[in-house]
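One-letter residues, chain by chain:
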Amino acid sequence: MTATPITFRNYVEDILDALNTAPDRHALTHEGRYVTAGELRALVFRMARALRLRGIGRGQTVTLLGGNLPEVIAARYAANLLGCSVNHLYNKLSAESQAVIVEDVETRALIVDPRWAGRAVEVTAQTPVKDVLTLGPAPLGEDLLELAAAESAEPLPGEARPEDICGIRHTGGTTGHPKGICTTFGQLTAHLFNHRDYPRRQLVCTTVAHAGGMFADTTLRSGGFVVLQDDFDPAEVLAAVERERITDLFLLPPLLYRLMDHPDAATTDTSSLRVLFYGGCQASPARLADAIRRFGPVLLQFYGQSEVGGISMLMPDQHDPARPELLRTAGQVLPGVEVEIRDESGQALPHGELGEICVRSPHVMTGYWKQPELTAEVLRDGWLHTGDLGRLDTEGFLTVVDRLKDMIIVVGGHVYTSELEDLLNSHPDVTQSAVFGVRDADNMEQVHAVVALRPGAGVDEDELRALVRDSRGAMYEPARLSFAEALPLTEAGKPDKNLLRREAERVAA
């Protein structure tokens with residue numbers, strides 16, 4: 001008897017099926033332009049056919065350069081439907097860095113948002129690409145929307161196999177060889193969607209090249225509605241939450257702080273919010289307590305890494321200002337995920353001990369793109385070594401203390417940057433802080449802190465230094481403490497400590 005072959009369906013096919021259940025409903029909006037579910041579904045199939053006619057298909061890499069347009073999302077779906085890997089460039093990288101990535105992932109086609117056509121010219125001048133396709137008229141390449149309009153919108157079966165690479169996401173610095181994290185179609189399809197028992201209305205105000213794209217996928221798969229904004233602006237986000245009755249919102253902690261500190265937050269109707277996800281970098285317990293008072297019991301912390309997916313969650317009912325010890329944690333380890341805290345020799349440590357967070361789960365990356373040695377450093381015997389320092393308690397609550405590379409080694413011990421940031425942020429005049437190490441002329445690391453204050457704040461440097469000495473001792477007192485109106489952020493929304501460190505080094509030189 002011949003065995004029946006197992007047919008694999010990737011995440012795009014699930015989304016397209018969901019769009020087909022009610023094709024006339026609005027699925028996406030961007031700057032007042034609405035796209036119905038049927039229009040989005042048809043565009044994906046038309047684009048896929050247009051790409052296939054160009055010889056683009058399974059196993060090749062399509063790179064995206066663009067903002068939060070509905071057409072950018074459709075282009076990713078079309079490429080993934082054909083079994084292509086998709087690499088999405090961060091827009092705020094330099095042209096040189098983007099060109100290195102385009103070449104590194106062996107880009108077969110570059111798909112460009114016309115608003116970024118000038119940058120595409122710079123990139124392709126350094127790294128020629130066989131096909132440059134644009135999402136509308138532009139001074140380079142061919143218009144993919146025009147090509148797609150000539151194609152049929154009839155359904156196409158997905159061509160990906162579960163072991164194929166679905167996405168290559170780059171993390172780390174902007175110099176040197178890029179670190180591309182590879183995720184397979186099988187992994188993404190298995191863990192992407194978290195259905196909710198209410199109609200989702202998702203606001204995406206962070207780049208779809210990062211977590212914003214995943215939340216858009218999840219919402220579209222559940223039959224929900226996605227509001228796309230090109231960038232984070234607290235006033236515009238608050239207005240959209242009220243106007244569009246947003247239920248789901250994702251922000252990195254620095255953006256959450258800016259949202260709740262904006263004057264409009266006190267008068268905006270945010271009662272529609274059901275879940276306000278946050279994650280991506282350390283959060284301050286004091287500022288989380290402020291957010292709970294402002295927005296209610298809707299906060300949900302997600303701790304994970306691109307290399308491994310989700311690791312733990314702190315649920316809304318665990319965000320209790322009366323239990324500040326929970327607000328310092330990253331929540332409880334997720335079902336199906338194993339976490340061990342290990343010492344420098346790789347031995348597992350008992351509950352409560354501080355060490356490196358190591359993770360084993362079905363969602364661990366297959367490796368870094370074309371970097372087997374780096375892959376072997378972090379993937380050992382099926383366990384991913386996250387590079388995060390933390391501790392695990394007996395109830396399964398995980399506390400992330402610092403990045404190994406961010407821990408500052410000083411005379412007398414170690415300074416954990418997140419602990420010092422939490423302390424500085426606890427002052428009522430402080431909205432946010434960033435702590436990092438800078439090497440002096442003797443190559444010794446010195447503690448530097450940059451602090452953002454509330455408007456009209458009366459606190460000065462001496463008062464903050466006294467707070468640190470009294471609470472943590474002289475070892476934690478910064479060698480340099482400076483003030484800024486706001487902290488610079490990376491495109492993903494994290495404090496840009498590399499930029500702050502370079503500026504501190506320049507001042508010290």
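Before reading on, note that the structure itself is shown above.
Residues numbered from 1 in each chain as written. Predicted model: local features only at pLDDT ≥ 70, side-chain atom pairs only at ≥ 80, totals over all residues. Heavy atoms only, no water.

### Here's the deal with the sheet that holds strand β25 (residues 430-439)
Ordered in space as β25-β26-β27, the 3 strands form an open sheet in which the pairing is mixed. The sheet terminates laterally at β25 and β27 (480-484), the two strands that pair on one side only. The mean inter-strand angle of the sheet, taken between neighbouring strand axes irrespective of direction, is 20°. Here strand β26 (residues 445-453) pairs with β27 via 5 bridges, running parallel. For V451, the partnering residue across the bridge sits in β27 and is F483. Across the sheet, helix α14 (residues 417-425) is in contact with β25 and β26; its angle to β25 comes to roughly 145°. (Pairing = 2+ DSSP bridges. Helix = DSSP H or I, 4+ residues; strand = E, 2+ residues; numbered from the N terminus. Axes fitted to C-alpha atoms, helices over the stretch in contact; angles between N-to-C directions. Contact = heavy atoms within 4.5 Å.)

### Some words on the packing of aromatic side chains
All chains considered together, the criterion is met by 4 aromatic pairs. Aromatic side chains Y34 and F225 sit 6.2 Å apart centroid to centroid with 10° between the ring planes, which places their arrangement in the stacked category. Of this pair, Y34 sits in strand β2 (residues 33-36) while F225 sits in strand β11 (residues 225-228), and the two are 191 residues apart along the sequence. Its relative accessible area of 36% is what places Y34 among the partly exposed residues. For F225, a relative accessible area of 5% corresponds to the buried category. Seen from their ring centres, F215 and F277 are 4.9 Å apart, and the 50° between their planes marks the pair as tilted. With F215 in helix α8 (residues 211-221) and F277 in strand β13 (residues 275-279), this pair connects stretches of sequence that are 62 residues apart. Each of the two residues, F215 as well as F277, counts as buried. (Phe/Tyr/Trp six-rings, centres within 6.5 Å; stacked < 30°, edge-to-face > 60°. Buried < 20%, exposed > 50% of the residue type's maximum accessible area, 1.4 Å probe, protein only.)

### Section: the pattern of salt bridges
In the structure shown here, the tally under the stated rule is 33 salt bridges. Here R245 makes a salt bridge to D269, at a shortest N to O gap of 3.2 Å. You can see R245 sitting in the loop between α9 (234-244) and β12 (248-251) and its partner D269 sitting in the loop between α10 (253-261) and β13, a full 24 residues away along the chain. Accessibility expressed as a relative area gives 34% for R245, which makes it partly exposed. Its salt-bridge partner being D290, residue R293 comes within 2.8 Å of it at the nearest N-O pair. Of this pair, R293 and D290 both sit in helix α11 (residues 285-295), 3 residues apart, which is roughly one turn of that helix. Classification of R293 as exposed rests on a relative accessible area of 58%. On the basis of relative accessibility, which here comes to 24%, the residue D290 falls in the partly exposed class. Each of D261, R287, D290, R293 and R454 takes part in one network of salt bridges that share partners. (Salt bridge = Lys/Arg side-chain N within 4 Å of Asp/Glu carboxyl O.)

### Points about the side chain of T63
Among the structural elements, T63 can be located in strand β3 (residues 61-65). If we skip the residues at most four places from it in the chain, T63 touches N87, L89, V102, V105, T107, A109, L110 and I111.

### Things to note about a negative patch on the surface
Taken together, the side chains of E31, D231, D233 and E236 make up a negatively charged region of the molecular surface. Mapped onto the elements of the fold, D231 is located in the loop between β11 and α9. Here D231 falls in the partly exposed class, since its relative accessible area comes to 46%. (Patch = residues over 30% accessible without salt bridge, like charges linked within 9 Å, V, L, I, M, F, W, Y side chains within 5 Å. Areas by Shrake-Rupley, 256 points an atom, 1.4 Å probe, with all protein chains shown as cover. Lys, Arg positive; Asp, Glu negative; His and termini not counted. Charge placed at Lys NZ, Arg CZ, Asp CG, Glu CD.)

### Looking at the packing of helix α3 (residues 70-81) against α8
One can describe the packing of α3 onto α8 by two numbers: an axis separation of 12 Å at closest approach and a directional angle of 80°. One way to sum up the angle between α3 and α8 is to call them roughly perpendicular. Note on element contacts: α8 touches α3 through G213, A216, D217 and L220, opposite I73, R76 and Y77. Residues belonging to the contact of α3 with α8 are distributed by class as follows: 4 nonpolar, 1 polar and 2 charged. (Parallel < 35°, antiparallel > 145°, perpendicular 65-115°, else oblique. Nonpolar A, V, L, I, M, F, W, Y, C, P; charged D, E, K, R; others polar.)

### What about the nonpolar core?
A general trend in soluble globular proteins is that nonpolar side chains are found buried together. Formed by 49 residues in total, the largest nonpolar core has its most connected members in M47, L51, I111 and L220. With 9 residues, helix α2 (residues 37-53) is the single largest residue contributor to this core. Not counting chain neighbours up to four residues away, the residues in contact with M47 comprise E71, A74, A75, A78, L135, L144, L145 and A148. Counting 33 residues, the second-largest nonpolar core is a separate cluster that includes A240, Y257, I292 and L299. (Core = buried A, V, L, I, M, F, W, Y, C linked by side-chain atoms within 4.5 Å.)

### A word on the sheet that holds strand β6 (residues 131-134)
Strands belonging to one sheet form pairs held by backbone hydrogen bonds; the direction of such a pair is parallel or antiparallel. Taken together, 8 strands build an open sheet; the order of strands is β7-β6-β5-β3-β4-β8-β9-β19 and the sheet is mixed. The outermost strands of the open sheet, each flanked by one partner alone, are β7 (142-143) and β19 (367-368). Sheet analysis places strand β9 (residues 179-184) next to β19, joined by 2 bridges and oriented antiparallel. Bridge assignment links C182 to a residue of β19, and that residue is G367.

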